[in-house]
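What follows is each chain in one-letter form.
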Amino acid sequence: MASTIPGPQTAGPETPGRADRAGAVEAHGIDVIPDAERHGRARDLFAVWAAPNVSYLSLVVGGGLILLGLDLWQALAVIVAGNLFWALVGLVAVSGPASGTPSEVIMRAAFGIRGNRGNILLTGWFASVCYLALNWAAGSLAAFTLVDEAGLRPSTPVKVAVIVAVAAATLAISVYGHATIVRLYLPFTLLLTAVFAVLTGCVLTRADWHYRPQQPLHGTALAAALAAALTLVASAPLSYNNSADFARYLPRDTRPAAVAGWTALGAYLPSVLFTFLGAVAGTALDMTDPQDALEAILPGWFRPAFLLAVVLSAMANNAMTAYSSGLALQAVGLRLRRSRSVALDGAVGVALTLYALLVSNFLATVTSVLELMVVLMGPTLAIYATDVLLRRNRYDGQQLSDQAPGGPFWYRAGVNPAGIAALVAAAGAAALCADNPLYTGPVARALGGVDLSLPVGVLGGAGVYAVVMRGRKGWLIR
């Protein structure tokens, strides 16, 4: 077996000897976490995943389901079903304690050393910076209103300064890293839940529990709306193929069922509750402009708290995203410390946020990007989850970190044909079935706009990968 190539992306801690602790910059990048530095309990993951999902963006998505033409109970069914994909996020999280490495490294088992670099560049790094922009756009819009209410006109220079300030606060959490995220996210969860509980009371007093759209959907139109809604809801869990990043510090003997359960439950419960709250709001309010609509029903004294909560929820979501995007840059071969790669990603995210706020329509951007991302994110997460099952979660972090030609996961010229073939086939088939404002595939067009990209991509990716890898059992023994 070839030895591990040295360098920032595979070597030891960035600051040798420093333990993972809140308030200190995390020492590790994508290197293996030694057993002596493992700590924590699986249940700590509940708050880690709950905080970013007690989210204003969930309210936006829920309101969007009503705008698609669904009634309230159709929206609830879609919300419950679409969020079940958090089970896949929980499943891949178990590979973190097993290997001591982040998801960006573990996926080398599925795609190969070189193949994974291309995969991570698209589904890890690019997707992350897009989500940074979407969440910062939501948080910055709320911050603009706060600035305006404070008596400072939100001119373009002021808006730029606000966006940079929100981004800087977010990136500070990401740079400090894992232990700081674990420490902060429980109080974040409690604070956000308290604020959104008051919002819930205001929404429920106006809810129309018997809401029906003025022109109820039937037949193909209803099928198309349900498929689009399911894709929109599922896009959130399918974007998190990085859950091992936050579980890799747990002791090696942590029960996999506990890791998977607390991860999935922490994300599932608030996602269902707050997406449904957005749908309920949509029965009485015009959620085309969700911030203004929600502000209008709040008592004046509570509006600043709501706006601050929107900013905080965007920060909580993006701190995790920026953390993983920094690891993604290391995984594709960029020789930067994690703290610097996080800063680089933050700069790109800020640029995209400025575009989202000053050029494009925010809600249209959210809907279109989230739906289209499923074409790539669905197959990637499905392949990763299938690899965990096929290997029975037997991963060796040192072997995964070996990037030398001829190493355990070099496969053929650095590419695992099974993983790449499954991703290309599934993503290609999903693209043919996609129906989106940005793009409509020929299959979706033939079906009258019914978008089947979600089931085709997920089932296709898992199926092709399982068949090819089982035919090459030697590749599974590492």
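This is a predicted model, so every value here is computed, not measured.

1. Some details on the overall build of the chain
Secondary structure summary: the chain contains 20 helices and two strands in total. In terms of C-alpha radius of gyration, the chain reaches 22 Å, essentially the compact-globule figure of 23 Å for 478 residues. With the principal axes as the frame, the chain shows a C-alpha extent of 65 × 50 × 40 Å. By residue count, 60% of the 478 residues in the chain fall in the buried class. Distance between charge centroids for the chain: 10 Å, based on 30 positive and 25 negative side chains.

2. As for a positive patch on the surface
Taken together, the side chains of Arg-392, Arg-394, Arg-470 and Lys-473 define a basic patch exposed on the protein surface. Mapped onto the elements, Lys-473 comes out in the segment after α20 (453-470).

3. Things to note about the environment of Met-469
Checked against the element boundaries, Met-469 lands in helix α20. A relative accessible area of 0% places Met-469 in the buried class. Along the primary structure Met-469 and Leu-72 are separated by 397 residues, whereas in three dimensions their C-alpha atoms are 43 Å apart. The contacts of Met-469, once residues within four sequence positions are left out, are Leu-390, Arg-391, Asn-416, Ala-418, Trp-475 and Leu-476.

4. Description of a nonpolar patch on the surface
A surface patch of nonpolar side chains, amounting to about 550 Å² of accessible area, comprises Leu-372, Leu-432, Leu-438, Tyr-439, Val-443, Leu-447 and Leu-452. Here Val-443 is to be found in helix α19 (residues 442-446). A relative accessible area of 33% places Val-443 in the partly exposed class.

5. Structural notes on the nonpolar core
One finds Trp-49, Leu-199, Leu-294 and Phe-306 to be the most contacted residues of the largest nonpolar core, which totals 139 residues. Ranked by residue count, the leading element in this core is helix α14 (residues 303-331), at 16 residues. Excluding anything up to four places from it in sequence, Phe-306 contacts Tyr-56, Val-195, Phe-196, Leu-199, Gln-291, Leu-294, Glu-295 and Leu-298.

6. With respect to empty space enclosed by the protein
This structure, assessed with the given rule, holds two cavities of 30 Å³ or more. At the level of elements, α2 (56-67), α8 (113-149), α11 (219-238), α12 (256-282), α14 and α16 (362-390) are the ones that each hand at least two residues to the lining of the largest cavity. Tallied by class, residues from the lining of the largest cavity come to 14 nonpolar, 18 polar and one charged. The calculated volume of the second largest cavity comes to roughly 30 Å³.

7. Regarding the pattern of salt bridges
Overall, the coordinates contain six salt bridges when judged by the stated rule. Asp-71 is the partner of Arg-212 in a salt bridge, and the nearest nitrogen-oxygen pair spans 4.0 Å. One end of the pair, Arg-212, is in the loop between α10 (178-204) and α11; the other, Asp-71, is in the loop between α2 and α3 (72-82), with 141 residues separating them in the sequence. By relative accessible area, which is 10% here, Asp-71 ends up buried.

8. Side note on α8
Taking 1.5 Å of rise per residue, the 37 residues of α8 would be expected to cover 54 Å, and the 52 Å separating its terminal C-alpha atoms lies within 8% of that figure. Largest kink in α8: about 40 degrees, centred on Ile-120. Of all the 37 residues making up α8, 27 are buried; the element is thus mostly covered by neighbouring parts of the structure. The positive-phi residue at the C-terminal boundary of α8 is Gly-151, with phi of around 100 degrees.

9. Quick look at the packing of helix α18 (residues 417-433) against α20
One can describe the packing of α18 onto α20 by two numbers: an axis separation of 8 Å at closest approach and a directional angle of 160 degrees. In terms of orientation, α18 lies roughly antiparallel with respect to α20. Crossing angle aside, the handedness with which α18 passes α20 is right-handed. Contacts between α18 and α20 involve Ala-418, Gly-419, Ala-421, Ala-422, Ala-426, Ala-429, Ala-430 and Cys-433 from the first element and Ser-453, Val-456, Gly-457, Gly-460, Gly-461, Val-464, Tyr-465, Val-468 and Met-469 from the second. For the contact of α18 with α20, the per-class residue count stands at twelve nonpolar, five polar and no charged.

10. Quick notes on the packing of aromatic side chains
Geometrically, a pair of aromatic rings is defined through the distance of the ring centres and the angle of the planes. Counted under the stated rule, the structure contains twelve aromatic pairs. Residues Trp-49 and Trp-86 carry aromatic rings whose centres are separated by 6.2 Å and whose planes lie at 65 degrees to one another, so their mutual orientation is edge-to-face. Note that Trp-49 is positioned in helix α1 (residues 44-50) and Trp-86 in helix α4 (residues 86-93), a separation of 37 residues in sequence. A centroid spacing of 5.4 Å and a plane angle of 35 degrees characterise the contact between Trp-86 and Tyr-240, whose relative ring orientation is tilted. Of this pair, Trp-86 sits in helix α4 while Tyr-240 sits in the loop between α11 and α12; the two residues are 154 residues apart in sequence, bridging distant segments of the chain.

11. Some details on the side chain of Asn-416
As for its position among the elements, Asn-416 is in the loop between α17 (397-400) and α18. Among the polar contacts made by the side chain of Asn-416, one reaches the main-chain amide nitrogen of Ala-418 at a distance of 3.1 Å. Dropping the residues within four chain positions of it, Asn-416 is found in contact with Ala-109, Ala-110, Phe-111, Gly-112, Tyr-411, Tyr-465, Met-469 and Trp-475.

Rules of the game
- Residues numbered from 1 in each chain as written.
- Predicted model: local features only at pLDDT ≥ 70, side-chain atom pairs only at ≥ 80, totals over all residues.
- Heavy atoms only, no water.
- Helix = DSSP H or I, 4+ residues; strand = E, 2+ residues; numbered from the N terminus.
- Rg over C-alpha atoms; globule rule 2.2 N^0.38 Å.
- Buried < 20%, exposed > 50% of the residue type's maximum accessible area, 1.4 Å probe, protein only.
- Lys, Arg positive; Asp, Glu negative; His and termini not counted.
- Charge placed at Lys NZ, Arg CZ, Asp CG, Glu CD.
- Patch = residues over 30% accessible without salt bridge, like charges linked within 9 Å, V, L, I, M, F, W, Y side chains within 5 Å.
- Areas by Shrake-Rupley, 256 points an atom, 1.4 Å probe, with all protein chains shown as cover.
- Salt bridge = Lys/Arg side-chain N within 4 Å of Asp/Glu carboxyl O.
- Contact = heavy atoms within 4.5 Å.
- Core = buried A, V, L, I, M, F, W, Y, C linked by side-chain atoms within 4.5 Å.
- 1 Å grid on protein atoms, 1.4 Å probe; cavity = no way out; pocket = protein on both sides within 12 Å on 5 of 7 lines; lining within 4 Å.
- Points joined across faces, edges and corners; volume = space filled by probe spheres on them.
- Nonpolar A, V, L, I, M, F, W, Y, C, P; charged D, E, K, R; others polar.
- Expected span 1.5 Å × (residues − 1).
- Bend = angle between axes of the 7 residues up to and from the residue.
- Axes fitted to C-alpha atoms, helices over the stretch in contact; angles between N-to-C directions.
- Parallel < 35°, antiparallel > 145°, perpendicular 65-115°, else oblique.
- Left-handed = near helix turned anticlockwise from the far one by under 90°.
- Phe/Tyr/Trp six-rings, centres within 6.5 Å; stacked < 30°, edge-to-face > 60°.
- Polar contact = N/O pair within 3.5 Å; in protein donor to acceptor, adjacent residues only side chain to side chain.

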